[in-house]
Amino acid sequence: MKKYSTVFLMLLMVAGALSSAFAGDGSDALARAVFYGGVAIGAGVAIGAAAGGGAAGLGNAVRGVLEGMARNPNMGGKLLTTMFIGMALIETFVLYGLLIAIIFIFTGIFDAKFLGH
């Protein structure tokens, strides 16, 4: 884990150095490219974390319901209904993560703040 965090910090420092180095000559094309690349990577990490967390939660829910049904088969219907409601709520949070990632990528809400206009 420490290896990945070190690599991430090094990439972040290189991106910051490039954007500040090329910002002084008047052409902000490289700075813009580095910025939008960072936004795209951040959106990908965000949706990946949301999907991973959702998958872990869904797996836990299914495991719990199967254990409950194994202990008391008469409660199977109620357990399944409750599980499906919980699964829908978990998937809603994953879709919220996807929505936020799409907003970051396609709306350009950071344009004016980043470029100083």
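Keep in mind that what you see is a predicted model, and the values were worked out from it rather than measured.

Novice: Please set out the overall build of the chain residue by residue, giving values where relevant.
Specialist: Summing up its helical and strand segments, the chain has four helices and zero strands in all. Ordering the α and β elements of the chain from the N terminus gives α-α-α-α. Every one of the 117 residues in the chain was classed for burial, and the buried ones make up 12%. Restricting the contact set of the chain to residue pairs at least 6 apart, pairs at least 24 apart contribute 62%. Surface summary for the chain: the accessible area is close to 8400 Å², and the carbon and sulfur share equals 74%.

Novice: Describe in detail the confidence of the model for the chain, supporting the description with residues and values.
Specialist: Of all residues in the chain, 79% attain a pLDDT of 70 or more, and the chain-wide mean is 80. Between the elements of the chain, mean pLDDT differs from a low of 55, seen in helix 4 (residues 111–115), to a high of 89, seen in helix 3 (residues 76–106).

Novice: How would you sum up the UniProt feature "transmembrane region" (unreviewed entry) in the chain? Please name residues and give values.
Specialist: Per the UniProt record, "transmembrane region" (unreviewed entry) is annotated on residues 33–58 and 79–110. Within residues 33–58, the helical portion is 100% and the strand portion 0%, while the C-alpha atoms at the span's ends are 37 Å from each other.

Novice: Give me the packing of helix 2 (residues 29–71) against helix 3: which residues, what numbers.
Specialist: To describe two helices that pack against each other, one gives the angle between their axes and the distance between the axes. At a minimum axis distance of 9 Å, the contact between helix 2 and helix 3 shows a crossing angle of 175°. As summarised for this structure, helix 2 and helix 3 are arranged roughly antiparallel, according to the angle between their axes. Residue composition of the contact of helix 2 with helix 3, grouped by class: 20 nonpolar, five polar and one charged.

Novice: Which residues make up helix 3, and what values go with them?
Specialist: With 31 residues, helix 3 extends 44 Å from end C-alpha to end C-alpha; this agrees with the ideal 45 Å at 1.5 Å per step. Gly 76, Met 83, Val 94, Gly 97 and Ala 101 are the residues of helix 3 that are buried.

So, how was this worked out
- Residues numbered from 1 in each chain as written.
- Predicted model: local features only at pLDDT ≥ 70, side-chain atom pairs only at ≥ 80, totals over all residues.
- Heavy atoms only, no water.
- Helix = DSSP H or I, 4+ residues; strand = E, 2+ residues; numbered from the N terminus.
- Buried < 20%, exposed > 50% of the residue type's maximum accessible area, 1.4 Å probe, protein only.
- Contact = heavy atoms within 4.5 Å.
- Areas by Shrake-Rupley, 256 points an atom, 1.4 Å probe, with all protein chains shown as cover.
- pLDDT = per-residue confidence, 0-100.
- UniProt positions renumbered as here; feature names shortened; annotations may be inferred.
- Axes fitted to C-alpha atoms, helices over the stretch in contact; angles between N-to-C directions.
- Parallel < 35°, antiparallel > 145°, perpendicular 65-115°, else oblique.
- Nonpolar A, V, L, I, M, F, W, Y, C, P; charged D, E, K, R; others polar.
- Expected span 1.5 Å × (residues − 1).

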